[in-house]
Amino acid sequence: METIRLTTNESDIRRAGEIIRSGGLVAFPTETVYGLGADALNAGAVSSVYRAKGRPSDNPMIVHIAYVAALGDLIKGGLDSLGGDARRLIGELWPGPLTLIFPKADAVPDVTTGGLDTVAVRMPSNATARALIREAERPVAAPSANLSGRPSPTTAMDVLEDMDGRIDAVIMGGMCDVGIESTVLDMTGEVPVILRPGMLSKEYLSDILGKDVLYDASLLEIPGETADPAMGTADTLFRPKSPGMKYKHYSPKADVIVIRGSSERFRSRAKELGLEAMKDGRRAAVIDYGDDPDKAAHRFFADLRELDRQGYDLILIRSMEQKGKGFGVMNRILKSAGYDVE
Ligand code: AMP
Ligand code: MG
């Protein structure tokens, strides 16, 4: 199929809304990463998202809405069922990069939630995303608009690299502000639990609620080992060379190695590894975002894709502290490296 390039002007967004209403797929910018949108209540449309991405069908989608009222139709018991914590988070942080998980309403097809009886919902702040959802006149299921396993796309060019010819249209917006995906927070238990870390950090969410939000235990595990959940700093969570291909996500074509320690240690170790690689005829690129998690989040996926385009074989990247926003950024960096850390 030919993938139509759309602008962010009104008539193009209206057209994108029509495509979604008629069961088609449209990639669109959000403040986190580009999403691949389909009518969340149309099981056939959602199935074609899984196909276009090559995504395993048990990996559920996030449903995107433009008004809080739309949440009521997606969750069991409607808006009246929301507890105090959910109301507070919605009031303070929507629209924004926060996904909340609730028991699902019957109207949400099983294919949208990967067979789960819960549904993940987010209200994006990006103006184009909101206009598209309004034009579609229904909730929009949207995973990241990349082939499964590849780095998430943060520019329209990155979307086309993976999806040209596989989807009906892409809205050619600018580069995404945040750059990594939303924080996913499970609201179905006594205490909110972070299932996927993002730029709205554990510490920040805990502050807003006046109580401790928890990390899901799996986020504190390094493949093959278990870290002390009370910790969470680079030194305690890093373990040398833990392979585990099955943990590999956000993978560029190049190999990625994470190097911990000071800027000085990073520079000298990166130089050694770069020279070794050169002897084998391989080209190494070096990334150091300093201690700036916002910059790292904004650039990381785009940099991986750009270095792939330039044909690098090895990417050496400096770690940052796994605290606050750095926890979300390091989650992506470690996965892209398949936990290859030294
Ligand atoms: P992506 O669409 O690529 O941003 O990925 C969506 C993320 O949300 C995945 O990590 C999903 O596993 C997670 N997710 C979506 N719905 C649910 C749910 N009902 N329960 C738990 N995780 C979910
Ligand atoms: Mg994704």
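Rules and cut-offs
- Residues numbered from 1 in each chain as written.
- Chains lettered and ligands numbered in written order.
- Predicted model: local features only at pLDDT ≥ 70, side-chain atom pairs only at ≥ 80, totals over all residues.
- Heavy atoms only, no water.
- Helix = DSSP H or I, 4+ residues; strand = E, 2+ residues; numbered from the N terminus.
- Rg over C-alpha atoms; globule rule 2.2 N^0.38 Å.
- Buried < 20%, exposed > 50% of the residue type's maximum accessible area, 1.4 Å probe, protein only.
- Contact = heavy atoms within 4.5 Å.
- Polar contact = N/O pair within 3.5 Å; in protein donor to acceptor, adjacent residues only side chain to side chain.
- Salt bridge = Lys/Arg side-chain N within 4 Å of Asp/Glu carboxyl O.
- Near = heavy atom within 4 Å.
- Pairing = 2+ DSSP bridges.
- Axes fitted to C-alpha atoms, helices over the stretch in contact; angles between N-to-C directions.

Q: Describe the overall build of the protein, and please don't skip the residues or the numbers.
A: Looking only at helices and strands, the protein features 11 helices and 16 strands. Relative to the compact-globule value of 20 Å for 342 residues, the protein shows a C-alpha radius of gyration of 20 Å, a close match. Taking the principal axes of its C-alpha atoms as reference, the protein extends roughly 55 × 50 × 30 Å. Taken over 342 residues, the protein has a buried fraction of 55%. Sequence-distant contacts, at least 24 apart, represent 70% of the contacts inside the protein between residues at least 6 apart.

Q: An account of the side chain of Asn146 is requested, with residue identities and associated values reported.
A: Within the element layout of this structure, Asn146 appears in the loop between strand S7 (140–141) and helix H6 (156–163). Of the polar contacts made by the side chain of Asn146, one reaches the backbone oxygen of Arg150; its length is 3.2 Å.

Q: Report on the pattern of salt bridges, specifying residues and quantitative values.
A: In this structure the tally under the stated criterion is 25 salt bridges. Here Arg138 and Asp39 are joined by a salt bridge, their closest N and O atoms 3.4 Å apart. Of this pair, Arg138 sits in the loop between helix H5 (127–136) and S7 while Asp39 sits in strand S3 (residues 35–39), placing them 99 residues apart in sequence. By relative accessible area, Asp39 is classed as buried at 5%. In this structure, the salt-bridge partner of Asp308 is Arg150, at a minimum N-O distance of 3.4 Å. You can see Asp308 sitting in helix H10 (residues 293–309) and its partner Arg150 sitting in the loop between S7 and H6, a full 158 residues away along the chain. For the pair formed by Asp308 and Arg150, the shared burial category is buried. Among the charged side chains, a network of salt bridges with common partners joins Arg150, Asp158, Glu161, Asp162, Arg305, Glu306, Asp308 and Arg309.

Q: So what about the site of ligand 1? Which residues, and what values?
A: Taken together, 14 residues lie around ligand 1, and Asn59, Thr118, Ala120, Pro143 and Arg196 are the ones closest in. Contact between ligand 1 and Arg55: an oxygen atom at 3.3 Å from a side-chain N or O atom of the residue. In this structure, an oxygen atom belonging to ligand 1 sits 3.2 Å away from a side-chain N or O atom of Ser144. Going through the elements one at a time, strand S6 (118–122) and strand S10 (193–196) are the ones with two or more residues in the shell around ligand 1. Looking at which element gives the most residues to the shell around ligand 1, the answer is S6, with three residues.

Q: I'd like to hear about the sheet that holds strand S16 (residues 314–318), residue by residue, with values.
A: Strand order in this open sheet of three strands is S14-S16-S15, and the pairing throughout is parallel. Each edge of the open sheet carries a strand with a single partner, namely strand S14 (255–259) and strand S15 (284–287). Recorded for the sheet is a direction-independent mean angle of 20° between the axes of neighbouring strands. Pairing analysis gives five bridges linking S14 to S16, with the strands arranged parallel. Note on S16: the bridge partner recorded for Ile257 is Leu316.

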